[in-house]
Each structure stands twice: as structure tokens, then as C-alpha cells.
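In case you want the letters, here they are:
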Amino acid sequence: MIDLNDYTLEEWNSLLKLASDIRLNQRAYINRCEGRIMATLFYEPSTRTQMSFQAAMLRLGGQIIGFDNPVNSSVSKGETLMDTIRIVSGYSDVIVMRHPLEGSVKAASLYSRCPIVNAGDGGHLHPTQTLTDIFTLYNIKQRLGGMNIGVCGDLKYGRTVHSLIKAMTRFPGNRFYLISTPELAVPDYIKQIITSSGADCIEASSIESCIGDLDVLYMTRIQRERFATPEAYEKQKGVFVLDREKLKKAKSDLAILHPLPRVDEIEFAVDSDSRALYFKQAEFGMFARMALILKIIEDDLLEKKDDDSMPGGVHCMNARCITQQETYLPQLAHIDASGRKCCLYCDEELPPKPGIRV
Ligand code: NCD
């Protein structure tokens, strides 16, 4: 599972139903993955995603292997991603992988003999966070369409926001409020997805200007580790902070979500507000991931999707794309929602003529 949008709404529905059942009847599921192994390959730091995946597999009766610091694996000896995946996929029934470069999990999937799940690929996508987010909304709001959804903070590098917007454009009547500085606005390809879905989209430069309209406010941290320089980060940090004062203007049933970790974008005083759902959201994540693992292991529902890839013909010029590091990868492309030829791995538009590697 590289991108949640590769799956149908029926498949999402059955995942959400299963997650709900697991949440209410945990004991019925304790042996369902007995004898199965999940590998967690985390090339980048994680608390919730890694531990909730591991807890999910253990609660299903399965076992786990893996690393949470590539320095302790053969990566530090110079092994390619391709070789690591070829080996680990022979040891496990499912791989869960996080990596700092965009498109890395798609690249890994080309060499994996077992299903592989994207647990975050650089600033690109984070589909299982979105599964967590929609499972939370499905439980709290009992609907996934007809909502005014504010996303705030680092919309450029925040992979959770990209996956969430892609997912929520699939439900009718959602309107997006993109709250960021111009420097941290959503990438073009995400904008195109909103536009071509026909959803309304409003750009805002402050929380105060739109909080009264919102049904959901999705706060995010400024992704310090993805900035080119510390100075560039310093200019952006602390711009958006949700506090009790701003919440006075909000609806009484606003859902405040955050993928966490929080840095300074939500004041601690907000935590006790009944609209603050981010800790609950993290709990829902484990059940959503239990459902996902079970579907992958027991079901062929999430297997074999149509391959829409084509020869790319040129190098991707995105400096944060996996093809910059793993140079043996085939140049592959796909056509995006607005007809542009994009890198199959990271979704960046490909240059019309071969360029120089950056
Ligand atoms: C997010 C991530 O890793 O993208 N965290 C998470 O998985 N819950 C958000 C973040 O790091 O800001």
C-alpha cells in the first residue's frame, strides 16, 4: 500500500468496518496472524507509526522483526534499498517501511516479494496516517463528506496533509481551507487533485480568518528536518499556533486533529478542550493498522492493482526523490489528474527534456 487512493471506496469501507469491529471485539482477533512475521524498516524516526504497527501485529498474534535506525543495518555498509528489500521480503509476510526520500516505498515495492506498506516517504505521502484520520472522523463525525476541512501549518513538506487531502477529495461536499504561509503552500500536484475533484478550496493566511467555518481543523508541525537550511526553518517556525482564544470562535463540534508529534503549534491548554481529539486519534491508529495488516495477510483485497506506469524517458529533477540516491531505479512515469507526465515514485512533474541530475 503506497497510496490510499490506489484503493476503492468499497475497500476503504471494508477496512473501516473491520477496524471498528476489532476495536470493539479485540479478543476475537488475538490469533489471527499467528505464525506471521511483519518487518518494520524505519530509515527515519518514528514513535506512533512504528509502535502502533508493532502493537497491532502483536495484538493479532503475529511477530515482528526490523530496525528503527538504518545505522544498525547493512545500509551503513552501502547496501542498496533494492538488495535490502529483496532479502527482508524473503523473511517476512509484510513489510512496513518509512524512509526520508520521496517515492522510496514505491521503489522498494518493485523489488519486494511480499506486500509492502508506506509508513511515510519523505515529504510525499503517509497513507496509514490518513487511514487513522478517516477512521477517527468516521467514528467522531459519522460522515466523511460535506465538511469544511482546515489544514494548517507545513502543507509543503507535511506528508500527512497530502495523503489526507487526496483522500478527502473523494467524498462529496468537502471544502478545503489551506492555512499556510506562501512558502509552505501545498505542492502543485495536490492543488491539481483538489481542482480536478471539483472541491472548493480556500487559501488562508491565519487560523482566525476561517476557524468559525470549520468542521475539522488538522494542525501540523513545521517539518524542520526537510528544510534546505536552518535559517529557512527559523523563518517559518511558530507562525501558526492554536490557543484557547482562537477556539472561542470555533463550532462546538469542531474536530481538532493532529498526526503528532506536536512542537509548539497547539498550546497545552487546548488539550483539555473536548474538541481536541489528537490523543484519541493516535489510539484509533492502532485499530486502523490492525485492520490493514489483517486484510493484507488474510485477504487478497489489497493486492494487485492496475499498473499505470510507463517509461519516463528522463530523470526526475526533484532533489528529494529516491531516484537521486538509488540511481539504478528504472525511469518510470505516470499521467496525473491534470494530464501531466509525472515521476512514478515522487509525483513531481518530469522535465520535457533530459536534464542534469541535481
Ligand atoms: C507524522 C509523520 O511522520 O509524517 N507523524 C506520524 O506519523 N504520526 C507527522 C510529523 O512527523 O509531523
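Located above this text is the structure these notes cover.
Residues numbered from 1 in each chain as written. Predicted model: local features only at pLDDT ≥ 70, side-chain atom pairs only at ≥ 80, totals over all residues. Heavy atoms only, no water.

(A) Fine view of the pairing of strand β11 (residues 332–335). Sheet topology places strand β10 (residues 310–311) next to β11; 2 bridges connect them, and they run antiparallel. Considered in β11, the bridge of methionine 310 is made with alanine 333. Pairing between β11 and strand β12 (residues 341–343): 3 bridges, direction antiparallel. When the sheet's bridge partners are listed, isoleucine 335 is paired in β12 with lysine 341. As consecutive antiparallel partners, β11 and β12 are separated by 5 residues, and within that stretch glycine 339 has a phi angle of approximately 85°, a positive value. (Pairing = 2+ DSSP bridges. Helix = DSSP H or I, 4+ residues; strand = E, 2+ residues; numbered from the N terminus.)

(B) Expanded view of the sheet that holds strand β9 (residues 255–257). Strand order in the open sheet formed by 5 strands is β7-β6-β5-β8-β9, with parallel pairing between adjacent strands. Pairing within the sheet leaves two strands with one partner each, and these edge strands are β7 (200–204) and β9. Shown here is a sheet whose adjacent strand axes are inclined to one another by a mean of 15°, direction ignored. Here strand β8 (residues 216–219) runs beside β9; their pairing, made up of 3 bridges, is parallel. The residue of β9 that forms the bridge with valine 216 is alanine 255. Helix-sheet contacts for helix α6 (residues 159–168) involve β5 (148–152), β6 (175–179) and β8, and the interaxial angle to β5 is about 165°. (Axes fitted to C-alpha atoms, helices over the stretch in contact; angles between N-to-C directions. Contact = heavy atoms within 4.5 Å.)

(C) Main features of the packing of α6 against helix α7 (residues 188–197). Relative to each other, α6 and α7 sit at 15°, their axes nearing to 9 Å. On the basis of their axis angle, the class for α6 and α7 is roughly parallel. As for how α6 packs across α7, the hand of that crossing is left-handed. Across the interface between the two elements, His162, Ile165 and Lys166 from α6 touch Tyr189, Ile190, Ile193 and Ile194 from α7. A per-class count over the contact of α6 with α7 returns 5 nonpolar, 1 polar and 1 charged. (Parallel < 35°, antiparallel > 145°, perpendicular 65-115°, else oblique. Left-handed = near helix turned anticlockwise from the far one by under 90°. Nonpolar A, V, L, I, M, F, W, Y, C, P; charged D, E, K, R; others polar.)

(D) The arrangement of the site of the ligand in detail. The environment of the ligand is formed by Thr49, Arg98, His126, Gln129, Arg159, Thr160, Arg221, Gln223, Pro259, Leu260 and Pro261. Here an oxygen atom of the ligand and a side-chain polar atom of threonine 49 are 2.8 Å apart. Leucine 260 is positioned with one of its backbone polar atoms (N or O) 2.9 Å from a nitrogen atom of the ligand. When the ligand is considered free in solution it has 320 Å² of accessible area, and contact with the protein chains removes 93% of it. Of the residues contributing to the shell around the ligand, the split by class is 3 nonpolar, 5 polar and 3 charged. (Near = heavy atom within 4 Å. Polar contact = N/O pair within 3.5 Å; in protein donor to acceptor, adjacent residues only side chain to side chain. Areas by Shrake-Rupley, 256 points an atom, 1.4 Å probe, with all protein chains shown as cover.)

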